[in-house]
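Notes for the structure review
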Amino acid sequence: MMMVQGPHQPRGFSFIDLVLETWSTLWNITDEQPQNCDIFVSHFGLDLYLETFHACSEIKTDDRHAAMRITTLIRNMLGLMGNIAEVPHIRPRLQERDLIASFYILRSYNREYENECDIIEISYSAAGILSHI
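Residues numbered from 1 in each chain as written. Predicted model: local features only at pLDDT ≥ 70, side-chain atom pairs only at ≥ 80, totals over all residues. Heavy atoms only, no water.

Here the focus is the confidence of the model for the protein. Mean pLDDT for the protein: 87, with 86% of residues reaching 70 or above. Ranking the elements of the protein by mean pLDDT puts helix α6 (residues 116-132) last, at 90, and helix α2 (residues 34-42) first, at 98. Counted against residues more than four places away or in other chains, residues 1-7, with its pLDDT under 50, gives 14 contacts. (pLDDT = per-residue confidence, 0-100. Helix = DSSP H or I, 4+ residues; strand = E, 2+ residues; numbered from the N terminus. Contact = heavy atoms within 4.5 Å.)

Here we come to the environment of L106. Structurally, L106 can be placed in helix α5 (residues 97-107). Sequence-wise, L106 and A127 are 21 residues apart; in three dimensions their C-alpha atoms are separated by 8.2 Å. Apart from the residues lying within four places of it in its own chain, the contact partners of L106 are Y49, F53, I74, L78, I122, S123 and A126.

All told, the structure shown has 3 aromatic pairs when counted by the stated rule. Ring centres of Y49 and F103 lie 5.6 Å apart, and the angle between their planes is 35 degrees; on these two criteria the pair is classed as tilted. Of this pair, Y49 sits in helix α3 (residues 45-58) while F103 sits in helix α5, and the two are 54 residues apart along the sequence. Taken individually, Y49 and F103 each receive the classification buried, so the pair is uniform in this respect. Of note, R107 hangs over the ring of Y104, and the distance from its end group to the ring centre comes to 4.0 Å. (Phe/Tyr/Trp six-rings, centres within 6.5 Å; stacked < 30°, edge-to-face > 60°. Buried < 20%, exposed > 50% of the residue type's maximum accessible area, 1.4 Å probe, protein only. Lys NZ or Arg CZ within 6 Å of the ring centre and 35° of its normal.)

In structure tokens:
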């Protein structure tokens, strides 16, 4: 696993940790903040979402810990996309075929080793985004 080291990073902070924290932060700063949602979308954030979604979709693992981290990442991504879907003037940007297809797929998200609450949360978030669109 690739390790990212910086002057203010604790030892052992991995690339996946960085990705997870980034999506979590983006989710938090877009909550109830339409202007931040605009910034995310105008800076190719929807493309980033799709690239990350496809990367997560291609990962196959028997490692329970890795599977849980992927689920956490997807949950964070959908939290951010849900914030964006709540902004009426941005909704038309979410009506792209690939975006809708990703939300549709995640409506029935199921990954081995996951607990039922995580699966329900992802499915619920994806369905909520689709209902806003």
